[in-house]
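Spelled out, the chains give:
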Amino acid sequence: MGKVKIGFAGVGFMGQIAHLRNYVRNEQCEVVAIAEPRQELALKVAERYGISKIYKSHLELAEDPDVEAVVASQPHLLNGHIAIPLLRAGKSVFIEKPMAGSYEEAVEMLEAADAGGAKLMVGFMKRYDEGVNLAKDRLDAFRASKEMGGQVFINAYCFGGDWIRGVEGPLTGDDPEVSNLDFRPRNPDWMSPAQQEAFNLYMNIFAHNINLVRYLFPGRIEARAALLREGTFQQSTLLESDGVPINLYGAPVRASWWEEKTELYFDNGWVRVMTPSPLSQQDSARVEIYRGDRAEATLLDSRPSWAFRRQADHFVDCIANNLTPRSNGEDCLEDMRIMEDVFRKGQWM
């Protein structure tokens, strides 16, 4: 079996730091092309990583028969604009989270993937964190054995902090900023412009937390109430699944570390998952399990690993072996449904 041939649509900050480096080091794939309208930047990146083909547009990647799959590292409002023609052309696509600007656009992306017979994977890298998956294994076992009793509450929050952690910066060029003249953002049309702005901020942060709760706790989640504030991701949301309340909240806070937790409470204890700063390459989630009957807490250890690297390896494996991605588009469509419903039911502060 030959190597998976990967193209990149966009090689800016996240394209280089969080993604390209991880695909270049994967021996099961080869990065054969990049599409980047900033030509000086494209030339520098292609030279650094030995990439032979440079295009100005993702549409040229769609026409390249050598490209099997594309990593599209763009702001989420560009996801549909870039992914839909690629998926229709039969190219499997990895996109950043959240999945789209609206539920309607996300559905169109899935229709394009079905028409092209391609895979769509969304960049919820927390699902690939080794500590998170240790926690998921224990949670699944506790629910099967009933040893922790029933689930009674879920608490999840993100206050942010230092998400870069001193990572080495990307290559840059002197190219002017490029605008997409044919591009129209696809936020829900029933929202006002100010609400759409708040919705994009909300999704950019809390899509991760909603997706992680769904990964750790099976069941359909419904929005019950929310307090929202324009111009910031400060908010408090009450969700519910199978009678279990889910409290999701957060606000932007300046800190020298990353403050984010997901806590799942049972009758007889809890499992606490402390997810690390996204670009910290040596850290996995820390997991604490407390058992009330023993009055003791256990901290699960995981090997130093980076969720972004494990995520890239998973995408390549899915293309090479025709597997369904763990964060596939069909699954992540649920995040879009939940988040739009939060804004339908939310009260503005």
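Values in this document were obtained by computation on a predicted structure and should not be read as measured data.

## Some remarks on unusual backbone geometry
Peptide bonds are mostly trans, and most non-glycine residues show a negative phi.
So, step 1. With an omega of -15 degrees, the peptide bond between Lys-97 and Pro-98 qualifies as cis.
So, step 2. If you trace the backbone, Pro-98 turns up in the loop between strand E5 (92–96) and helix H5 (103–116).
So, step 3. Unlike most non-glycine residues, Arg-165 shows phi in positive territory, near 55 degrees.
So, step 4. Turning to its location among the elements, Arg-165 is positioned in the loop between strand E7 (151–161) and helix H7 (193–216).
So, step 5. Residue class for Arg-165 comes out partly exposed when judged on its relative accessible area of 44%.
So, step 6. Despite not being glycine, Asp-242 shows a phi value in the positive range, around 50 degrees.
So, step 7. Within the secondary structure, Asp-242 is located in the loop between strand E9 (235–241) and strand E10 (244–250).
So, step 8. Assessed through its relative accessible area of 62%, Asp-242 is described here as exposed.

## A look at empty space enclosed by the protein
So, step 1. Inspection of the entire model under this criterion finds 2 cavities of 30 Å³ or more.
So, step 2. The computed volume of the largest cavity comes to approximately 80 Å³.
So, step 3. Along the walls of the largest cavity sit Met-125, Lys-126, Asp-129, Thr-275, Pro-276, Ser-277, Pro-278, Ser-280, Asp-283, Trp-306 and Ala-307, which together make up its complete lining.
So, step 4. One number sums up the size of the second largest cavity: a volume of about 40 Å³.
So, step 5. Residue composition of the lining of the second largest cavity, grouped by class: 6 nonpolar, 3 polar and 1 charged.

## A closer look at the pairing of strand E13 (residues 286–291)
So, step 1. Going residue by residue along E13, you find Val-287, Ile-289 and Arg-291 tucked away on one face and Arg-286, Glu-288 and Tyr-290 left uncovered on the opposite face.
So, step 2. Two strands pair when backbone bridges link them, and E13 and strand E14 (residues 296–300) are joined in this way by 5 bridges, in the antiparallel orientation. Residue Glu-288 lies in a different strand from E14, and its bridge partner there is Leu-299.

## Quick notes on helix H9 (residues 329–345)
So, step 1. Between its terminal C-alpha atoms H9 stretches 25 Å, which fits the 24 Å expected from 17 residues at 1.5 Å a residue.
So, step 2. Residue Asn-328 occupies the N-cap position of H9, its side-chain oxygen lying 3.2 Å from the main-chain nitrogen of Glu-330.

## Some points on the sheet that holds strand E4 (residues 69–72)
So, step 1. Pairing is parallel in the open sheet, where 6 strands are placed in the order E3-E2-E1-E4-E5-E6. Of all strands in the sheet, those with a lone pairing partner are strand E3 (53–55) and strand E6 (120–123), marking the two edges. Strand-to-strand twist in this sheet, taken as the mean axis angle between neighbours without regard to direction, amounts to 25 degrees.
So, step 2. Summarising the sheet, strand E1 (residues 4–9) and strand E2 (residues 29–35) pair through 6 bridges and their orientation is parallel. The residue of E2 that forms the bridge with Lys-5 is Glu-30.
So, step 3. Seen against the sheet, helix H4 (residues 79–88) touches E1, E4, E5 and E6 and runs at an angle of roughly 170 degrees to E5.

## With respect to the pairing of E1
So, step 1. Burial of E1 is extensive: 5 of the 6 residues sit out of reach of the surface.
So, step 2. Considered for its hand, the β-α-β crossover made up of E1, helix H1 (residues 13–24) and E2 is right-handed.

## Describing the environment of Ala-62
So, step 1. Residue placement: Ala-62 occurs in helix H3 (residues 58–63).
So, step 2. Once residues lying within four places of it in the same chain are set aside, the contact partners of Ala-62 are Pro-85, Leu-86, Ala-89 and Lys-91.

## Some thoughts on helix H2 (residues 39–49)
So, step 1. Here H2 has its buried residues at Leu-41, Ala-42, Val-45, Ala-46 and Tyr-49. The buried side chains of H2 occupy one side of the element, clustering within an arc of 130 degrees when seen end-on. Away from its buried face by more than 90 degrees, H2 exposes Leu-43 and Glu-47.
So, step 2. Looking one or two residues beyond H2, the residue adopting positive phi is Gly-50, at roughly 65 degrees.

## Brief notes about the sheet that holds E10
So, step 1. Within the open sheet, the 9 strands sit side by side as E14-E13-E12-E11-E7-E10-E9-E8-E15. Their pairing is mixed. A single partner strand is all that each edge strand has here, and the edge strands are E14 and strand E15 (346–348). Geometrically, the sheet is characterised by an average inter-axis angle of 10 degrees between neighbouring strands, direction not taken into account.
So, step 2. The pairing of strand E8 (residues 222–228) with E9 spans 6 bridges and is antiparallel. Across the sheet, the residue bridging to Leu-228 is Gln-235, located in E9.
So, step 3. Contacts from H7 reach E7, E8, E9, E10, strand E11 (258–266), strand E12 (269–274) and E15 within the one sheet, and its direction differs from that of E10 by about 135 degrees.
So, step 4. This element, H9, spans E8, E9 and E15 of the sheet and lies at about 55 degrees to E8.

The rules behind the values
- Residues numbered from 1 in each chain as written.
- Predicted model: local features only at pLDDT ≥ 70, side-chain atom pairs only at ≥ 80, totals over all residues.
- Heavy atoms only, no water.
- Helix = DSSP H or I, 4+ residues; strand = E, 2+ residues; numbered from the N terminus.
- Buried < 20%, exposed > 50% of the residue type's maximum accessible area, 1.4 Å probe, protein only.
- 1 Å grid on protein atoms, 1.4 Å probe; cavity = no way out; pocket = protein on both sides within 12 Å on 5 of 7 lines; lining within 4 Å.
- Points joined across faces, edges and corners; volume = space filled by probe spheres on them.
- Nonpolar A, V, L, I, M, F, W, Y, C, P; charged D, E, K, R; others polar.
- Pairing = 2+ DSSP bridges.
- Expected span 1.5 Å × (residues − 1).
- Polar contact = N/O pair within 3.5 Å; in protein donor to acceptor, adjacent residues only side chain to side chain.
- Axes fitted to C-alpha atoms, helices over the stretch in contact; angles between N-to-C directions.
- Contact = heavy atoms within 4.5 Å.
- Right-handed = clockwise from strand over helix to strand, strands pointing away.
- Arc of directions from axis to C-beta.

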